[in-house]
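Below, each chain spelled out in residue letters.
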Amino acid sequence: MKTTSMPVCALAFALAVSACQRPSEETIFELSGRIFVFNYRTAEARYLLTFDKVAELQGVVAAKAEFENPQGGNPHRVSIPVLREQTRLVIDSPALECVRKERPYKVSVEFTDAGGKTLAKIETSVTSQLDHSTLPLVSPVIGSGYDRNEAAYDAQGNLKMRSMQGCPQ
């Protein structure tokens, strides 16, 4: 190897090593996606968060998520185990009511060890591009054959839609 290419190789090695480092010692997972999912078939809306693993897990870890309740009142809480071999983590909320378009809702996710010690915490918000009123009142289909759910339709055959009446601003 020529001596003129040595600095180039050293620079390439330094860049490669620095690219492998994680952004923070406290980071286990990085938030990679956050949306509201409006499932027309089931007539439900949910938060959905995705995370990419950026550090090896030591022992048992749990992810505890707290989602602002669009209907008001106590937040929705979800706790799931995080497996050592997971490279991606998906957390969703229970079914929601009263989601408003263009209103940010708070979400926090805490990663804890087996003893309950906080290893990392991520706080963010999720904003919907749709109101809850875009969903039918009940699922328009039932069963594995997607049979028509007669309870979802009025006497004229129109789909009954949800109302935002009584929902907080």
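Notes on the structure follow.

What counts, and where the lines are drawn
- Residues numbered from 1 in each chain as written.
- Predicted model: local features only at pLDDT ≥ 70, side-chain atom pairs only at ≥ 80, totals over all residues.
- Heavy atoms only, no water.
- Pairing = 2+ DSSP bridges.
- Helix = DSSP H or I, 4+ residues; strand = E, 2+ residues; numbered from the N terminus.
- Axes fitted to C-alpha atoms, helices over the stretch in contact; angles between N-to-C directions.
- Phe/Tyr/Trp six-rings, centres within 6.5 Å; stacked < 30°, edge-to-face > 60°.
- Lys NZ or Arg CZ within 6 Å of the ring centre and 35° of its normal.

With that settled, the discussion passes to the pairing of strand β1 (residues 29-39). Where β1 lies against strand β2 (residues 44-53), 10 bridges are found, and the strand directions are antiparallel. By the bridge assignment, L31 is partnered in β2 with F51. Adjacent in sequence and paired antiparallel, β1 and β2 are bridged by four residues, among which A43 carries a positive phi angle near 60°.

A word on the sheet that holds strand β4 (residues 76-82). Read from one edge of the open sheet, four strands run β4-β3-β6-β7, paired in antiparallel fashion. Only two strands of the sheet have a single partner each, and these edge strands are β4 and β7 (118-127). For this sheet, the mean angle separating the axes of adjacent strands, direction not counted, is 15°. Pairing geometry for strand β3 (residues 61-67) and strand β6 (residues 104-113), over seven bridges, is antiparallel. Note on β6: the bridge partner recorded for A63 is F111.

Per the counting criterion, the structure on display carries five aromatic pairs. Members of the aromatic cluster, connected to one another through ring pairs, are F36, Y47, F67 and Y105. For the cation-ring pair, R41 lies above Y146, with the distance from its terminal atom to the ring centre recorded as 4.5 Å. Above the ring of Y153, the side-chain terminus of R148 is found at 3.7 Å from the ring centroid.

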